[in-house]
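Secondary and tertiary structure notes
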Amino acid sequence: MLYQRSSKLFAEAEKVIPGGVNSPVRAFKSVGGTPIFVKEAKGAYLYDEDGNRLIDYINSWGPMILGHAYAPVVEAVIEKAKLGTSFGMPTEIETKIAELAVSMVPNIDKIRFVNSGTEACMSAIRLARGYTDREKIIKFKGCYHGHSDSFLISAGSGAVTFGSPNSPGVTAGTAKDTLLANYNDLANVESILKANEGEVAAIIVEPVAGNMGCVPPQKGFLEGLRALCNTYGALLIFDEVMTGFRLSKGGAQELFGVNADIVTFGKVIGGGLPVGAFAARKEIMDYLAPVGPVYQAGTLSGNPLAMAAGLTMLQEINKDAELFNRLEEKTAYLEKGMRKVLTDNNVPFTINRVGSMISVFFDEREVVDFETAGFGNNDTFKKFFHGLLAEGVYIAPSSYETWFITDALTYEDLDYTINAVNKIFS
């Protein structure tokens, strides 16, 4: 494939945008080469500026669960835009999407809309701290909750080691209140809670990790976190920016049967527009201003275009009783096909999958946390990525990102992808 126009556009972008991109993973740094500039998308396909068609397995990093340019969502946005794009005042549609979201998701009474997953997680942490009157939080290595200062933390070994900033601009004062634990390691979490008893406001976790590749919770892990939070008086926050309305109508809480105290959303809930949200039971949410003392605000929060897209997307999901079965079946079909061709070609690999989230790691060892996710052979991944790209298949340009399957994919698309994998390694 030729990428002459994409290359030219990237060179122009580098002059006026840091790194030529507005989100770092788009820059292809971990795989090499020049990023692809997209001109348009429809259904399961991207069309780039050079006229190439690509089967899309990232789907805007998750939101396009029904496919790109999904007609009901597009029409809803167009009709709403004709009435005005933003007012800074309450609108009826905000209540409608809130009522629908609350009806679909277990264990929440109220929800507040923001503009991104980062905002949602940042606000959830502030709310948890205000509600518990505690300052520290526990997060997990490899779980990404946006680029708020509290979350850009790495850690040394040992349960009582405070986090240290791993991005310039994050202060040591902020870092000391973030404690890092190992994903899928309950003993590690309990040791941190014991060492900081009475000080931890919340544990925040991706119930299915998606930013170290797809890493499922091991049996009992989420249940164990729930029990530990009950014991130590901390709130349990599920970051469902990825999993919300994707793994089931009620997200990971419904899928795994574990209730969180606060849940954050993004991606699917916006139907492709910039939307985030956080939700909880009434007694927690009523700690927010203007009812309670915890301040949170946003000029464009709940803007009518985003709400129109999100409401239509949730309505479409809510009425389609077979959607999640179809997504499960398609993703399982892709997994089975890739397993066969990788095995037949003697390629060391592990595939992790939960519902319509899936990742390929090029190492035979089980991937259960950030450390084991790093065992994969990155040189093999680069070959895999660029090989698929040459065949017209687009996956995330990083081995630490999950793929997101869309219902718009056909079994012909899946067969083509499986054959492309076979072609690369044979």
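Residues numbered from 1 in each chain as written. Predicted model: local features only at pLDDT ≥ 70, side-chain atom pairs only at ≥ 80, totals over all residues. Heavy atoms only, no water.

Considering the domain arrangement of the protein
Inclusion rule: An automatic or database domain assignment provides the domain bounds reported here. Any pair of residues with heavy atoms lying within 4.5 Å of one another is described as a contacting pair. By definition, a salt bridge exists where a carboxyl oxygen of Asp or Glu is found within 4 Å of a side-chain nitrogen of Lys or Arg. Under the rule applied, a polar contact is a pair of N or O atoms within 3.5 Å (in protein, one hydrogen donor and one hydrogen acceptor; residues adjacent in sequence only if both atoms are side-chain atoms). Helix numbers and strand numbers start at the N terminus; a helix is a DSSP run of H or I with at least 4 residues, a strand a run of E with at least 2. Residue type decides the class: Asp, Glu, Lys and Arg count as charged, Ala, Val, Leu, Ile, Met, Phe, Trp, Tyr, Cys and Pro as nonpolar, and the leftover types, Gly among them, as polar.
In terms of domain boundaries, the protein breaks down into domain 1 (4–69 + 321–425) and domain 2 (71–319). The C-alpha-based centres of domain 1 and domain 2 are spaced at 25 Å. Between domain 1 and domain 2, the residue contacts involve 31 residues of the former and 33 residues of the latter. Here domain 1 and domain 2 share 0 salt bridges between them. One can count 12 residue pairs in polar contact (both at pLDDT 80 or more) joining domain 1 with domain 2. Among the elements of the structure, α11 (323–344), β13 (350–354), β14 (357–361) and α12 (370–373) are those that each provide at least two residues to the side of domain 1 that touches domain 2. Its residues assigned to classes, the side of domain 1 that touches domain 2 comprises 20 nonpolar, 7 polar and 4 charged.

Looking at the pairing of strand β5 (residues 136–140)
We count it as follows: Summary of the burial criterion: residues with accessible area below 20% of their type's maximum are buried, those above 50% are exposed, and those between are partly exposed, where the area comes from a 1.4 Å probe applied to protein chains only. Whether two strands pair comes down to DSSP finding at least two bridges between them.
Burial analysis of β5 places 5 of its 5 residues in the buried class, the great majority of the element. With burial as the criterion, each face of β5 is covered, one bearing Lys136, Ile138 and Phe140 and the other bearing Ile137 and Lys139. Note: β5 against strand β9 (residues 200–205), 3 bridges, orientation parallel. Directly across from Lys136, in β9, lies its bridge partner Val200. With 4 bridges connecting them, β5 and strand β8 (residues 178–181) associate as parallel partners. Its bridge partner being in β8, Ile138 is matched across the sheet by Leu179.

Some thoughts on the packing of α11 against helix α14 (residues 411–425)
When two helices pack together, their arrangement is given by the angle between the helix axes and the distance between those axes. Condition: Between the N-to-C directions of two axes lies an angle of 0 to 180 degrees, each axis being a line fitted to C-alpha atoms and, for a helix, fitted only over the stretch in contact. An angle below 35 degrees is read as roughly parallel, one above 145 as roughly antiparallel, one from 65 to 115 as roughly perpendicular, and any other as oblique. What makes a crossing left-handed is the near helix being turned counterclockwise from the far one by less than a right angle; a clockwise turn instead makes it right-handed.
Two numbers describe how α11 lies on α14: the axes approach to 9 Å, and their chain directions differ by 20 degrees. If you check the angle between α11 and α14, you find them roughly parallel. Between α11 and α14 the crossing geometry is right-handed. Touching Glu329, Lys330, Tyr333, Leu334, Gly337, Met338, Val341 and Leu342 of α11 are Tyr411, Leu414, Asp415, Thr417, Ile418, Val421, Asn422 and Phe425, all from α14.

Notes on empty space enclosed by the protein
Our working definition: Only protein atoms enter the 1 Å grid used here, on which a cavity is any set of points holding a 1.4 Å probe that cannot leave and a pocket is any open set flanked by protein within 12 Å on both sides along at least five of seven lines; residues with an atom within 4 Å of a point are listed as lining. Grid points are joined across faces, edges and corners, and a volume is the space filled by probe spheres set on the points.
According to the stated counting rule, one finds 1 cavity of 30 Å³ or more in the structure shown. Computed from the structure, the largest cavity encloses a volume of approximately 50 Å³. Around the largest cavity, the lining residues are Ser359, Val360, Phe381, Phe384, Ala396, Ser398, Ser399, Glu401 and Trp403. Elements represented by at least two residues in the lining of the largest cavity include exactly β14 and α13 (378–390).

Some details on the packing of aromatic side chains
Put simply, the rule reads: For this analysis, a ring pair means two rings from Phe, Tyr or Trp (six-membered ring only for Trp) whose centres lie within 6.5 Å, classed as stacked if their planes differ by under 30 degrees, edge-to-face if by over 60, and tilted for the remaining angles. Look at NZ for Lys and CZ for Arg. If either is within 6 Å of the ring centre and within 35 degrees of the ring normal, a charge sits over the ring.
If you walk through the whole model with that rule in mind, you get 15 aromatic pairs. Each ring, one from Phe140 and one from Phe221, has its centre 5.7 Å from the other, and the planes form 75 degrees; the classification is edge-to-face. Here Phe140, found in strand β5, pairs with Phe221, found in helix α7 (residues 221–232); they are 81 residues apart in sequence, far enough to count as distant. Through successive ring pairs, a cluster of aromatic residues spans Tyr57, Phe362, Phe381, Phe384, Trp403 and Phe425. Lying across the ring of Tyr45, Arg53 places its NZ or CZ 4.0 Å from the centre. The ring of Phe375 carries the charged tip of Arg365 above its face, separated from the ring centre by 3.9 Å.

Topic: the pairing of strand β10 (residues 235–240)
The cut-off we apply is this: Whether a crossover is right-handed depends on one test, that the path from the first strand over the helix to the second runs clockwise when the strands point away from the viewer.
For β10, the tally of buried residues reaches 6 of 6 residues, placing the bulk of the element in the interior. Inspection of the sheet shows β9 paired to β10 by 4 bridges, in the parallel sense. The residue of β10 that forms the bridge with Ile204 is Ile237. A crossover connection joins β9 to the parallel β10 through α7; in handedness this β-α-β unit is right-handed. In this sheet, strand β11 (residues 262–265) lies alongside β10 in parallel orientation, the contact comprising 4 bridges. In the sheet register, Asp239 faces β11, and the bridge partner there is Thr264.

Re the layout of surface pockets
When its volume is computed, the second largest pocket comes out at roughly 750 Å³. Looking at the second largest pocket, it is lined by 30 residues, and the ones nearest its centre are Glu94, Ile111, Arg112, Phe113 and Ser301. Class assignment for the residues of the lining of the second largest pocket results in 15 nonpolar, 10 polar and 5 charged.

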